[in-house]
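Single-letter residue listing:
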Amino acid sequence: MNKKEIYLAGGCFWGLQKYMDTEVKGVIETEVGYANGHLDDVKYNDLHKMETGFCETVKVVYDSDVIPLSELLEEYYYTIDPTSINRQGVDVGSQYRTGIYYTDESEKETIEASLLNLQKRYAEKVVVECLPLTKYITAELYHQKYLDKNPRGYCHINFNKIRTLKAAVIDPSLYTRKSRQELKETLTPLQFAVTQENESESPFENEYWDKFDDGIYVDITTGEPLFSSKDKYDAGDGYASFKKPIDPNAIEEFPDVFDEDLTMQAISRVGRAFLGHIYDEPGGKKRYSINSASLRFIPSADIDKEGYGYIKNYI
């Protein structure tokens, strides 16, 4: 084990501590406190009553053999808006600024390179501080592991959204949305009616409802990979049913306003094509009931030839 520490400021420290404790492999221990202020001592209420210079910070002790600093910082970036000055979520004030504070000067280069790479993803200026730790004061006991003790406590971090982002395996820039005219010329009338006009096929009379060969199913309009045969099953409704998509980001959900139960529509990310519906199943699971006309099946033997070898490990 190669134990190291870094101090991360990312708005309210309750949520960031919980995220580091539960979502990041290689984190050994955490503690919340106040960093880089100008007073000899400080309490939580002081940060709201006076200008102390301190910010809410999480001390992260981690095993760099499991997660190097560059990867740990990527996890941190998921939890913040790096372009927001003195604000994260609904919390406003300099005590909620973002910052990376190091105790080992040799880490400065890694942090600066990481922030430069982060800047490439934003048009706005990234304002995360990169500074040596000059002062750190441990926060009061009731703040430590606050969300463990108060599961319904305030947290500005959307854990489910981050998990979805981290599950991304498909680069949407590889696929292109076509115009309605192009689709009219290349799709069958049924494929066009389903994907562009939100029609549905007849159950038990479509191409893939009972097909269980090994392979993947891609958006008929763009070729973006959507589902794997390993997640396909017979749900008894006569449609191609899947437990989950290959990449959860590739499917977007919208309420079906023409359905009195407001069932969720499944829409492809790049093609904006109507695919079918998404139903809630027991145990918090979902069922993706998809029209065959919105899909193209690619057998496992043809995955490399068709240019989908890069997702082999995910299917």
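Residues numbered from 1 in each chain as written. Predicted model: local features only at pLDDT ≥ 70, side-chain atom pairs only at ≥ 80, totals over all residues. Heavy atoms only, no water.

Asker: I'd like to hear about the sheet that holds strand β15 (residues 274-281), residue by residue, with values.
Answerer: Taken in spatial order, the 6 strands line up as β11-β12-β16-β15-β14-β13 in an open sheet, and their pairing is antiparallel. The open sheet has two edge strands, β11 (232-233) and β13 (251-255), and neither has a second partner. Pairing geometry for β15 and strand β16 (residues 285-290), over 6 bridges, is antiparallel. Each bridged residue has a counterpart across the sheet, and for Y279 the counterpart in β16 is R287. (Pairing = 2+ DSSP bridges. Helix = DSSP H or I, 4+ residues; strand = E, 2+ residues; numbered from the N terminus.)

Asker: Can you break down the side chain of T221 residue by residue, with the values?
Answerer: Here T221 is to be found in the loop between β9 (215-219) and β10 (225-228). Its relative accessible area of 3% is what places T221 among the buried residues. Excluding anything up to four places from it in sequence, T221 contacts T176, K178, L183, L187, T195, Q196, G271 and A273. (Buried < 20%, exposed > 50% of the residue type's maximum accessible area, 1.4 Å probe, protein only. Contact = heavy atoms within 4.5 Å.)

Asker: If you had to explain the pairing of β16 to someone new, which residues and values would you point to?
Answerer: Note: strand β12 (residues 240-242) against β16, 3 bridges, orientation antiparallel. Counterpart to F242 in the pairing with β16 is Y288. Linking two consecutive strands that pair antiparallel, namely β15 and β16, is a turn of 3 residues; a positive phi of about 80° is found at G283 within it.

Asker: Give a description of the nonpolar core that names residues and reports values.
Answerer: Ranked by size, the top nonpolar core spans 42 residues in total, and within it I6, M20, L72 and I100 carry the most contacts. Aside from chain neighbours lying at most four places away, what touches I100 is I6, Y7, L8, L73, Y76, Y77, I111, L115, V128, E129, C130 and L131. (Core = buried A, V, L, I, M, F, W, Y, C linked by side-chain atoms within 4.5 Å.)

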